[in-house]
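What follows is each chain in one-letter form.
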Amino acid sequence: MTTARRIRAAEAGSSGPTPCPVSSSTQTPQEPATPPPGKLPTKKAVVLNKMNKVVASAGGPDAGFDWGSYLERERSPAASVSCFTHVPLCDQWDEIAVGMKVEVLNTNAVLPSKVYWIATVVQIAGYKALLRYEGFEDDSSHDFWCSLVSGEVNPIGWCAITSKLLVPPQDVKLNIPDWKEYLMKKLVGANTLPVDFYIKMSEGMRTSFKIGMRVEVVDPKYVSQTRVAIIDQITGGRLRLVYTDQSDAPENAVSDFWCHMLSPLLHPLGWSNSVGHAIKAPVNSWEAASSGLKNNSDNAFLLFKRPRTVYMDGGFFEEGMKLEAIDPLNLGNICVATVQKVLLDGYLMVGIDGTTSNSDWFCYHASSHAIFPKGFCNKNEIHLTVPQGYDPHTFTWDDYLEETKAKPAPAHLFNADYRGHGFSPNMKLEAVDLMEPRLVCVATIKRCVGRLLLIHFDGWEDDFDQWVDSQSPDIYPVGWCELMGYQLQPPPEFAANQEARIKKYKHFIYGKKKKKYTRKRLSNDQSKADATQGPKVISTDNPQKLVESSLQPQVPLIQPKTEPEEQDIMEVQVKAEEIEMEIINPPNNPQELCVSRIKQEETEEQNKRRDYEVPARTSKDQASRDERETGKDAGELEKNSVTVSSMEQSEDDGTEQDQEEEMQMSDASESESNTEHDTTGEGR
């Protein structure tokens, strides 16, 4: 083992070459574990643990991190979902394209209830999409990012089926007299989400693995052997495995391991014995095996991914053969290696040259894409890590084979199958840090060499880069963590600037806090008009109007006021449930009706206030005027008092503030009325 590999091994806190070192913890993926005492954590794990405390205080997983704004800042594309064969909707994602029309929540409306509008897909990044409301045309200032698998993006026609309202954004500057005609032109020939989009997504998230099932997986301390573990948690196909034998676990901690259900590190019970691989025996091996078989069905082995069948015609790998292999302790290096042992079913025990203990051997299948024939690195211009004591600039395979008196593994024994993929350098994705397998981080594809991808973790040094296969189950499209509810680790510099970042997409809070009593005058008047008017489509010159939910000519439109004053809002406020549950059929000219109704309300309010205003008598001389005029005034005051009293009884749905003003004015009117009666009596 070279000095660099020994340092890396010490940082990884593992005694053997495993691509996924196991940590002891009781944590979930939302709370990365703290390394147990005596185990030196990696630099990356220490920093990420600090970052997660900041994220937790900010409000949970992914709090504050926005993939959309990050992609715009980095000016980088994201890998398509169809490139990841192990994620939901990978087979259906080719139907998702730029220009597609969808129905989404309208966050640019003035109504106090949830309303929707049609948007166009402008850009696609993994499960994320950049949308633009219809009506903004080439104006990108109101574009927003959202997840296409969040359940908030719906196909065209969803609002009609669910009786939701379609309302154009209030900031549309185009003068569109007829929204129905405008939308019909936009929707002709357009594509939308498949009807079974969310059904397919749900089917893709199912797994046959069950919590409590027992499996065999790599030993964290001696990677040349396996251990029995129990499935404790399943998240998006990723399994948290807890080892049945906790005798060597630190105090107040649990030895666990994270891997995908398609990982080559995961095997069914009995696999080790069947291929001749070493397995750590539990304290009571017979009892553990019996209990394990009780929890697993007879066909449990069918759940595991079986490697490619290897044909041995023409020879096979032999002990002592030399090859090149990805260093399990430093996945960014490809090293000189040796076949140490040949197992059954095509499995090999491979050791990196320079190691002195067989506990560092690691199990690869002959069809693995992590082992290569000699000269692979030289052919593809990849740096080859040579054994300690050799100069990488002067190292040659011929001299090394002659010196070690070994022979190379024939090239035809390696899996050269490559049918292409959709990845390219500079693409963004979410990737598991295989040195800390509980962490899924923001990453970039740095290089593509055939099936191999060099993954770079954003914000980290190149020393943390990792080579993975293009079909690895440990890489995911942008938005996968959000879909599965798994915590995404942002770049380290993001934690320092987290408070300064502003998310481009903000959740909208509908309406203002309404007072206890709200007038229903508009609703009452409208319901009267419904009795005489049939349903019809309404179009005005003002763009801030409601559009029929299903684009059918039988659904009415509603014309709300634009930029209303606070007083006007209180006068015509309508409850949210009335808007969504009732279908309002307005008369022929709703704009004139709204204007006349508002003017009528203002006139009634002025008359009411004028009736309340009674001129005060400042002296007894004014009280001794003509008896006829005084009696007439008193009669009018009594009549007005009766009118005011009836108005107070009829307006039972007024606001608390109006009730207090009416009570004060009523008291003033009664006192003035009594004064008039007294004055009249004196005059008489």
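The structure presented is a predicted model; accordingly, all values stated were derived computationally and were not measured. Residue numbers run consecutively from 1 along every chain, following the written order of its sequence. Reporting of local features is limited, given that this is a predicted model, to residues whose pLDDT is at least 70; pairs of side-chain atoms are given and counted only at 80 or more, and all residues count toward the totals for whole chains, interfaces and linings. Think of the side-chain values as coming from all heavy atoms in the structure, minus any hydrogens and water.

Focus: the overall build of the protein
Turning to step 1, where the next piece is worked out: Within the protein, the secondary structure is distributed over 19 helices and 22 strands.
Turning to step 2, where the next piece is worked out: Counting the 684 residues in the protein, one finds 47% classified as buried.
Turning to step 3, where the next piece is worked out: Counting contacts in the protein only where the partners sit at least 6 residues apart, residues at least 24 apart contribute 67% of the total.
Turning to step 4, where the next piece is worked out: Carbon and sulfur atoms form 50% of the exposed surface of the protein, whose accessible area is close to 34200 Å². Going along the chain from the N terminus, every DSSP run of H or I of four or more residues is numbered as a helix, and every run of E of two or more is numbered as a strand. The buried label goes to any residue with under 20% of its type's maximum accessible area, the exposed label to any with over 50%, and the partly exposed label to all in between, with areas taken from a 1.4 Å probe on protein chains only. The contact criterion used throughout is that any non-hydrogen atoms of two residues lie within 4.5 Å. To be clear on the numbers: accessible area is Shrake-Rupley with a 1.4 Å probe, and residue cover counts the displayed protein chains and nothing else.

Things to note about the side chain of Asn106
Turning to step 1, where the next piece is worked out: Among the secondary structure elements, Asn106 is positioned in the loop between strand 1 (101-105) and strand 2 (116-125).
Turning to step 2, where the next piece is worked out: The buried category is assigned to Asn106, whose relative accessible area is 0%.
Turning to step 3, where the next piece is worked out: Side-chain atoms alone can form a polar contact between residues adjacent in sequence; in general such a contact is a pair of N or O atoms within 3.5 Å, and within protein one must be able to donate a hydrogen while the other accepts it. Engagement of the side chain of Asn106 in a polar contact is seen with the backbone nitrogen of Asn108, the distance being 2.8 Å.
Turning to step 4, where the next piece is worked out: In contact with Asn106, not counting residues within four places along its chain, are Val115, Tyr116, Trp117, Tyr133, Val167, Pro168 and Pro169.

A closer look at unusual backbone geometry
Turning to step 1, where the next piece is worked out: Unusually for a residue other than glycine, Leu89 sits at a positive phi of about 70°.
Turning to step 2, where the next piece is worked out: For Leu89, the location among the structural elements is in the loop between helix 3 (67-74) and strand 1.
Turning to step 3, where the next piece is worked out: According to the relative accessible area criterion, Leu89 is buried, its value standing at 3%.
Turning to step 4, where the next piece is worked out: Even without being glycine, Glu381 reaches a positive phi, approximately 55°.
Turning to step 5, where the next piece is worked out: Its place among the elements puts Glu381 in the loop between helix 9 (376-379) and strand 16 (384-385).

Quick notes on the state of the cysteines
Turning to step 1, where the next piece is worked out: Here, two cysteine sulfur atoms that lie within 2.5 Å of each other are counted as a disulfide. Within the structure shown, the criterion is met by zero disulfides.
Turning to step 2, where the next piece is worked out: Not engaged in a disulfide, the cysteine Cys448 finds its nearest cysteine sulfur in Cys83; these two sulfurs lie 9.8 Å apart.
Turning to step 3, where the next piece is worked out: Look at Cys448 and you get partly exposed, because its relative accessible area is 26%.

Focus: a negative patch on the surface
Turning to step 1, where the next piece is worked out: Side chains of Asp91, Asp94, Glu95, Asp196 and Glu203 sit close together on the surface and give a patch of like negative charge.
Turning to step 2, where the next piece is worked out: Relative to the helices and strands, Glu203 is located in helix 6 (residues 197-204). Patch rule: a residue counts if its relative accessible area is over 30% and it has no salt bridge; like charges are joined within 9 Å, and nonpolar side chains (Val, Leu, Ile, Met, Phe, Trp, Tyr) within 5 Å. Definition used for salt bridges: Asp or Glu carboxyl oxygen within 4 Å of a side-chain nitrogen of Lys or Arg. Neither His nor the chain ends is counted toward charge; the positive residues are Lys and Arg and the negative residues Asp and Glu. Charge positions come from single atoms, namely NZ of Lys, CZ of Arg, CG of Asp or CD of Glu.

Section: the environment of Gln233
Turning to step 1, where the next piece is worked out: Within the secondary structure, Gln233 sits in strand 6 (residues 225-235).
Turning to step 2, where the next piece is worked out: Relative accessible area serves as the criterion here: at 19%, Gln233 is assigned to the buried category.
Turning to step 3, where the next piece is worked out: Counting along the chain gives 23 residues from Gln233 to Lys210, while the straight-line C-alpha distance between them is 8.8 Å.

Considering the pattern of salt bridges
Turning to step 1, where the next piece is worked out: Considering all chains together, one arrives at 20 salt bridges under this definition.
Turning to step 2, where the next piece is worked out: Taking the shortest distance from any N to any O, the salt bridge between Lys280 and Asp245 comes out at 3.9 Å. Linking Lys280 in the loop between strand 10 (278-279) and helix 8 (285-295) with Asp245 in the loop between strand 7 (238-243) and strand 8 (256-260), this pair joins segments that are 35 residues apart in sequence.
Turning to step 3, where the next piece is worked out: Among the residues examined, Asp245 registers a relative accessible area of 11% and is labelled buried.
Turning to step 4, where the next piece is worked out: The shortest N-O distance in the salt bridge between Asp465 and Lys446 comes to 3.1 Å.

Remarks on the pairing of strand 19 (residues 452-457)
Turning to step 1, where the next piece is worked out: Among the six residues of strand 19, six are classified as buried, and the element is accordingly described as predominantly covered.
Turning to step 2, where the next piece is worked out: Alternating positions in strand 19 separate into two faces, Leu452, Leu454 and His456 on one and Leu453, Ile455 and Phe457 on the other, with burial throughout.
Turning to step 3, where the next piece is worked out: Only strands that DSSP links by at least two bridges are regarded as paired with each other. Note that strand 18 (residues 440-449) and strand 19 share six bridges and pair antiparallel. Note that in strand 19 the partner of Ile445 across the bridge is Ile455.
Turning to step 4, where the next piece is worked out: Taking the residues between adjacent antiparallel strands as the criterion, strand 18 and strand 19 are bridged by two residues, where Gly450 takes a positive phi near 60°.
Turning to step 5, where the next piece is worked out: Note: strand 19 against strand 20 (residues 466-469), four bridges, orientation antiparallel. Bridge pairing in strand 20 links Leu454 to Trp467.

Quick notes on the nonpolar core
Turning to step 1, where the next piece is worked out: With 131 residues, the main nonpolar core has Leu131, Leu241, Leu266, Phe317, Ile455 and Ile475 as its most contacted residues.
Turning to step 2, where the next piece is worked out: With sequence-adjacent residues up to four places away left out, Ile455 is seen in contact with Leu429, Ala431, Ala443, Thr444, Ile445, Asp465, Gln466, Val468 and Ile475. Nonpolar core, defined: a set of buried Ala, Val, Leu, Ile, Met, Phe, Trp, Tyr and Cys residues in which side-chain atoms within 4.5 Å join the residues together.

Examining the confidence of the model for the protein
Turning to step 1, where the next piece is worked out: Summary statistics for the protein give a mean pLDDT of 74 and a share of 60% for residues scoring 70 or more.
Turning to step 2, where the next piece is worked out: In predicted models, pLDDT denotes the confidence assigned by the predictor to each residue on a 0 to 100 scale. Across residues 672-684 the pLDDT falls below 50, and counting only partners more than four positions away or on other chains, this stretch makes ten contacts in the model.

With respect to the sheet that holds strand 3 (residues 128-133)
Turning to step 1, where the next piece is worked out: If you walk across this open sheet you meet the four strands as 1-2-3-4, and the pairing is antiparallel. The open sheet is flanked by strand 1 and strand 4 (144-147), the only strands paired with a single partner. The average undirected angle you get between the axes of adjacent strands in this sheet is 50°.
Turning to step 2, where the next piece is worked out: The strands touched by helix 3 within the sheet are strand 2, strand 3 and strand 4, with strand 4 carrying the most contacts at an inclination of about 125°.
Turning to step 3, where the next piece is worked out: The axes used here are C-alpha line fits, helices contributing only the stretch in contact, and every angle between their N-to-C directions lies in the interval 0 to 180 degrees. On top of the sheet, helix 5 (residues 179-187) reaches strand 1 and strand 2; it is set at about 30° to strand 2, its chief contact.

Description of the packing of aromatic side chains
Turning to step 1, where the next piece is worked out: In this scheme Phe, Tyr and Trp rings, the latter by its six-membered ring, pair at centre separations within 6.5 Å, and the angle between planes marks the pair as stacked below 30 degrees, edge-to-face above 60, and tilted otherwise. Evaluation of the coordinates by the stated rule reveals 27 aromatic pairs.
Turning to step 2, where the next piece is worked out: Ring centres of Phe209 and Phe304 lie 5.2 Å apart, and the angle between their planes is 90°; this geometry places the pair in the edge-to-face category. A residue pair is termed long-range when its members are at least 10 positions apart, and Phe209 in the loop between helix 6 and strand 5 (214-218) and Phe304 in the loop between helix 8 and strand 11 (322-326) qualify at 95 residues.
Turning to step 3, where the next piece is worked out: Looking at Phe304, the relative accessible area reads 8%, which means it is buried.
Turning to step 4, where the next piece is worked out: Connected via pairs of aromatic rings, a cluster forms that spans Trp93, Tyr127, Phe197 and Tyr198.
Turning to step 5, where the next piece is worked out: Taking NZ or CZ as reference, Arg227 lies 4.5 Å from the ring centre of Tyr243, over its face. We call a charge positioned over a ring when the NZ of a Lys or the CZ of an Arg lies within 6 Å of the ring centre and within 35 degrees of the ring normal.

Remarks on the environment of Gln170
Turning to step 1, where the next piece is worked out: By the element assignment, Gln170 lies in the loop between helix 4 (158-162) and helix 5.
Turning to step 2, where the next piece is worked out: Accessibility expressed as a relative area gives 32% for Gln170, which makes it partly exposed.
Turning to step 3, where the next piece is worked out: Along the backbone, Gln170 and Val110 are 60 residues apart, and their C-alpha atoms lie at a distance of 7.1 Å.

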